[in-house]
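Chain by chain, the residues run as shown.
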Amino acid sequence: MDQGIPIELTVNGRRRTLVVAPRHTLLEVIRDELALTGTKECCLVGECGACTVRLDERIVDSCLVLAVEADGCVVTTVEGLAAGDRLTRLQAAFLDHGGVQCGFCIPGQVMAADDLLRRNPHPSLQEVEEGLAGNLCRCGCYGQIAEAVLATAAGDPEGEA
Amino acid sequence: MSAVRVGDAPRRVGGEARVTGRQQYVADIHLAHELHVKLVTLPVARARIGGIDTSAALALPGVRFVMTAADLPQPVPRFGPQFRDRPIIATDETKYHGDPVAAVAAETKDAAEAAARLVRVAWEELPAVTTVAAALDPTAPLVQDPAIRPNDPLAATNVLREHPVSWGDLDAAAASADLVVENVYTFPMVTHFAIEPHAFIAAPDGDGIAVWSSIQHPNWLQRVIAQLLDLPLAKVRVYAPDPGGGFGGKQHAKYEPLLAFMALRAGRPVRLVLTLEETFQAVRRTAAEVRVRTGLRSDGTLAFEDIEANYLIGAYADIADRVVGKGSYPACGPYRVPAARILARSILSHTVPSTAFRGFGNPQVNWAVESNLTEAAARLGIDPLELRLRNLARRGEAFIPFDTPCDGDWEQTVRRAAELIGWNTPAPAGRGRGIALGIKSGPTTGLSYSTVRLLADGSVVVYAGTSDMGQGARTVFAQIASQELGASLDAVTVVMGDTGVVPYDQQTSASRSTVLMGNAVLAACRDIQAKLRSMAARLHGVDEAEVVVDRGVVRLRGRELPIIDVLKPGLGSLGGELIGLGEMRKEADPDHPLGGTAAFFEFNCTAVEAEVDEETGDVTIARYVTVSDVGKAINPLQVRMQDEGAAIQGLGHTLLEQYIFDGHGRIRNLGAIDYRIPTSMDLPVEMISEIVENEDGPGPYGSKGMSEGALLCVAAAVAGAVRDASGVVIRDLPLTPERVWRALRDRDRS
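It should be emphasised that the depicted structure is a prediction, and the values quoted were computed from it without experimental measurement. (Residues numbered from 1 in each chain as written. Chains lettered and ligands numbered in written order. Predicted model: local features only at pLDDT ≥ 70, side-chain atom pairs only at ≥ 80, totals over all residues.)

1. Considerations on the overall build of chain A
Tallying secondary structure elements over chain A gives five helices and five strands in all. Shown N-terminal to C-terminal, the secondary structure of chain A runs as helices and strands in the order β-β-α-β-β-β-α-α-α-α. In terms of overall dimensions, chain A has C-alpha extents of about 50 × 30 × 25 Å along its principal axes. In chain A, which comprises 161 residues, the proportion classed as buried is 60%. Within chain A, contacts between residues at least 6 apart in sequence are counted, and of these 57% link residues at least 24 apart. (Helix = DSSP H or I, 4+ residues; strand = E, 2+ residues; numbered from the N terminus. Buried ≥ 20, exposed ≤ 12 C-beta atoms within 10 Å, placed from the backbone. Contact = placed C-beta atoms within 7 Å.)

What follows is the structure, encoded as structure tokens:
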């Protein structure tokens, strides 16, 4: 079997030292080793976006990143977004604008939308749709998710948690 | 926080857990000492299974055992919601690409996956049928062993069943028709593509078994497992965490029976999480070829419909034959049709077992029949909207004889959609418009129980066996309880998905839960209100008849008290609680072709404005209007989400999605790269959804079921707009750019 390789990650602000299999993806380590199951597994080929996490200053499909590649990086998962029980304005806006149905894609959507707003605090609708095109939602909540992102950008008072 | 009202749009119950990642789906649950399971499949649809050599797999560290048909009771037990035709694991031969022949159990996922690749199966490819024509060929191999349906004259063919429905005098009607339009339409195989792949866990549980599944029908699964293991129902506990999308693909048992046998063999929990590719090989929508002959008089009045619908189901029936029967039954649409002949066939094939999928067999025939109406309108020189309105059933009209009459003001819905798309104004240059109507028969039978507990502090626990797979059932039930018992929404808990504590519910399907379970929850709340009435009468020395409990308050002799002011003294020093029981039944009618009349109809009108890129064949939807008659929206935001989501899902089979097979019956586009579902870049430029609320449904406060209506007629509306914009008529879905481009080229050549 695979020889384990030691890595060090900062996950949601906490330093984690792990020994990982060289073939394991960041997604597998997040879900199976760190038990952070908010990050979801679906397509495993980087098409659905359900496994989106923040890796240093960018978001990645964690199914496409080997855990060893993330050695020394800062990882933020959906569990690391809200401070304690308080939702971020973006998370609250997802609920207020009806962006959530079954919810399985939502951790990925929220991570991608959070990144979009960091890079572009005042996106147009087209920029939101392009920015979230890598996150599939079979419930078809795209319109409501875009509304939530735009409302957050506009400082929607409804979005206060 | 005060009580919410029906008609409000509070945040989704369970929403916070979903945006923070705390929501636990089956794959997120781990049991101590669990084993990981990986399925072994063959790279071919149909093969004779020879020897299975597991030695190399078993030699891998961490591998505990490999389960094959030989390790099961003989003959291998079979299961299925309609026919007990599906073996727990393939025995003797595989019948479709993905039919598992063995399953490895190992200490780690890695070991299970590695071992699955080392299981050596000797197999010999056999001819497979994957199309309607091939399956109906008299020399075709039989998909199903005829012994599965003894005494059935069709058992020696690949036709599992025929579903004939007719009324009126077709010959006489045909003689009166001025125009007959006859065409064949095809609808592709598509898959549910829930973002949550199916996941299953089974574990020995005392002298019984516990099963976790992303299932829509936990009580049905409980029955299947109990039958297979010969256990009392009380010894089978099914946990059904909220599915991450169902759409019908999670209604019935798939690999839970296999996992149950493996758990008992291991004496430990076993888990199986499918890959997305494996879900393509587990569930799909029934494909169809539909021949339609529509007869009309010159004024556009319908004379007859003659419909032959060949549905291609898979290798095992699952619920697909019911899909065919129930989906084809309202094939003539919401119209006054004097004479009709509908013949639908369920045709077995060596493909993935097809199952329920949002719309339940209706979108296939709707695509054909509505498209044929658009063509008839063009040939008669009548506006397609006008032609539909001329024939549309009015409230109370028995448009399908012997069934529930028209139960809404459907014309209102159609006129609103036409207004929103601007039907009576010319389309902008380069654009065309299409309009179509969709109808679906609601549940024909049903049984839902609910228990509601009003706790000593006025908070409420609702028990409901519905699965909340995104449609928002939890929120709907919580809103009903909040309104009836006066608790704020955050003081209401809805418990679902555990057959050990939640009372029986028949199923979560056919857009039934707001109506059937909703009524059961309402009845349970009213049961508590009755107890509060007698409590108040006793406390205040008045007659029960003088007490009214309404919307969280108790009224007596001109006074109005919050429920808690009656509850606390009424319960007394020991505290306790009030328990209400609610039951809702939709009785069967054994003489009805479907076994029961429609509890309600889902009715939708979709209108589309589209443009076609003449160079590439790409279809852009500029405006999309969907209007549904929902009776009453208990949560208008959730209704909008369901309608728009259904529309977008419908755009998938209309424009993008289809399985592609090779000569070995293998699916060549498994997974998210080669099979595209709509993304945020595939949306209509403008999406408008509205509802009609006349409070005329059988559900709480006049609600009707509504989760499928907006998907029914998407394809016909879009194709109508493409036809109007470009002049090309396409009768095969999906309307891919290639297909549209070819049609444009043919148009220019002719």
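2. A look at the overall build of chain B
Secondary structure summary: chain B contains 18 helices and 28 strands in total. Taking 2.2 N^0.38 as the reference for a compact globule, 750 residues should give roughly 27 Å; the C-alpha atoms of chain B span a radius of gyration of 27 Å, in line with that estimate. On the principal axes, the C-alpha backbone points of chain B span a range of 85 × 75 × 50 Å. Burial statistics for chain B: of 750 residues in total, 60% are counted as buried. Intrachain contacts of chain B at a sequence separation of at least 6 include 80% that bridge at least 24 residues. (Rg over C-alpha atoms; globule rule 2.2 N^0.38 Å.)

3. Points about the packing of helix H13 (residues 473-485) of chain B against helix H14 (residues 516-540) of chain B
Residue and element names in this part refer to chain B. Close contact between H13 and H14 brings their axes to 10 Å; oriented N to C, the two are set at 25°. The angle between H13 and H14 places the two elements in the roughly parallel class. Note that H13 runs across H14; the crossing there is right-handed. Contacts between H13 and H14 involve Val 476, Phe 477, Ile 480, Ala 481, Glu 484 and Leu 485 on the former and, on the latter, Met 517, Gly 518, Val 521, Leu 522, Cys 525, Ile 528 and Gln 529. (Axes fitted to C-alpha atoms, helices over the stretch in contact; angles between N-to-C directions. Parallel < 35°, antiparallel > 145°, perpendicular 65-115°, else oblique. Left-handed = near helix turned anticlockwise from the far one by under 90°.)

4. Focus: the environment of B:Ala128
Residue and element names in this part refer to chain B. Within the secondary structure, Ala 128 sits in the loop between strand E8 (120-125) and helix H4 (132-136). Note on Ala 128: 27 C-beta atoms within 10 Å, which makes it buried. Apart from residues lying up to four places away in sequence, Ala 128 is in contact with Ala 45, Arg 46, His 350 and Gly 665.

5. Brief notes about the domain arrangement of chain B
Residues and elements named next belong to chain B. Segmenting chain B into domains produces domain 1 (15-23 + 446-586), domain 2 (31-126 + 196-244 + 249-280) and domain 3 (287-443 + 592-749). On a C-alpha basis, the centres of domain 1 and domain 2 stand 39 Å from each other. With 14 residues of domain 1 at the interface, the matching set in domain 2 holds 14 residues. Within the side of domain 1 that touches domain 2, the residues separate by chemical class into two nonpolar, nine polar and three charged. (Domains from an automatic or database assignment. Nonpolar A, V, L, I, M, F, W, Y, C, P; charged D, E, K, R; others polar.)

6. With respect to the domain arrangement of chain A
Residue and element names in this part refer to chain A. Taken domain by domain, chain A consists of domain 1 (5-80) and domain 2 (89-159). The straight-line distance from the C-alpha centre of domain 1 to that of domain 2 is 22 Å. Contact with domain 1, which involves twelve residues of that partner, is made by eleven residues of domain 2. In terms of residue count, strand E3 (residues 52-55) provides more of the side of domain 1 that touches domain 2 than any other element does, three residues in total. The class makeup of the residues in the side of domain 1 that touches domain 2 is six nonpolar, four polar and two charged.

7. A closer look at the sheet that holds strand E7 (residues 102-106) of chain B
Residue and element names in this part refer to chain B. The strand order across the open sheet formed by seven strands is E3-E7-E1-E14-E11-E12-E13, and the pairing between neighbours is mixed. At either margin of the open sheet sits one strand with a lone partner, and together these are strand E3 (63-68) and strand E13 (236-239). Each neighbouring strand pair of the sheet contributes to a mean axis angle of 20°, computed without reference to strand direction. For strand E12 (residues 208-213) and E13, the ladder comprises four bridges, and the chain directions are parallel. (Pairing = 2+ DSSP bridges.)

8. A word on the sheet that holds E8(B)
Residues and elements named next belong to chain B. Read from one edge of the open sheet, three strands run E6-E2-E8, paired in antiparallel fashion. The strands lining the two open edges of the sheet, one partner per strand, are strand E6 (93-94) and E8. As defined by bridge partners, strand E2 (residues 47-53) adjoins E8 across five bridges and the pair is classed as antiparallel. What sits directly across from Ile 49, in E8, is Trp 123.

9. Regarding the interface of chain B and chain A
Every contact between the two is made by 43 residues of chain B and, on the other side, 43 residues of chain A. Secondary structure elements with two or more residues in the side of chain B that touches chain A: helix H1 (15-20) and helix H16 (636-656) of chain B. For the side of chain B that touches chain A, the per-class residue count stands at 20 nonpolar, 14 polar and nine charged.

10. With respect to the pairing of strand E1 (residues 5-11) of chain A
All names here are of chain A. Pairing geometry for E1 and strand E2 (residues 14-20), over seven bridges, is antiparallel. Among the inter-strand pairings, Leu 9 is bridged to a residue of E2, identified as Arg 16. Counted between consecutive antiparallel strands, the loop separating E1 from E2 contains two residues, among which Asn 12 sits at a positive phi close to 50°. Judged from the two bridges that link them, E1 and strand E5 (residues 74-76) form a sheet pairing that is parallel. Residue pairing across strands places Val 11 opposite Val 75, the latter belonging to E5.

11. A short note on the environment of B:Ile730
Residues and elements named next belong to chain B. In this structure, Ile 730 sits in the loop between helix H17 (714-726) and helix H18 (737-749). Put simply, Ile 730 and Ser 371 are 359 residues apart on the chain and 9.4 Å apart in space, counted from C-alpha to C-alpha. Look past the residues within four positions of Ile 730 in its chain and what remains in contact with it is Ala 719, Val 722, Leu 735, Arg 739, Val 740 and Ala 743.

12. Structural notes on the pairing of E7(B)
Consecutive residues of a regular strand have side chains that alternate between opposite faces of the sheet. Residue and element names in this part refer to chain B. Where burial is concerned, most of E7 is hidden: five out of the five residues are buried. Two strands pair when backbone bridges link them, and strand E1 (residues 35-40) and E7 are joined in this way by five bridges, in the antiparallel orientation. In the strand pairing of E7, Val 37 is matched with Ala 105. Pairing analysis gives five bridges linking E3 to E7, with the strands arranged antiparallel. Bridge pairing links Phe 65 to Ala 105 in E7.

13. As for the nonpolar core
All names here are of chain B. By size, the foremost hydrophobic cluster in this structure holds 300 residues, and its most contacted members are Val 104, Met 262, Ala 481 and Val 521. Broken down by element, this core gets its largest block of residues, eleven residues, from H14. Discounting residues that sit within four places of it in the chain, Val 104 has contacts with Val 37, Lys 38, Val 40, Ala 57, Val 63, Val 66, Ala 112, Ala 115, Ala 116 and Val 119. (Core = buried A, V, L, I, M, F, W, Y, C linked by C-beta atoms within 7 Å.)

14. Considerations on unusual backbone geometry
All names here are of chain B. A cis geometry characterises the amide bond from Gln 74 onward to Pro 75, with omega recorded as -10°. The topology assignment puts Pro 75 in the loop between E3 and strand E4 (78-79). One non-glycine residue with positive phi stands out, namely Asp 230, at about 55°. For Asp 230, the location among the structural elements is in the loop between helix H6 (218-229) and E13. Phi angles above zero are rare outside glycine, and Phe 360 is one such case at about 50°. Under the C-beta neighbour-count criterion, Phe 360 is labelled buried, with 26 such atoms within 10 Å.

15. Things to note about the confidence of the model for chain B
Chain-level statistics for chain B give a pLDDT mean of 97 and a share of 100% at 70 or above. Confidence metrics for the complex model read pTM 0.97 and ipTM 0.97. (pLDDT = per-residue confidence, 0-100.)

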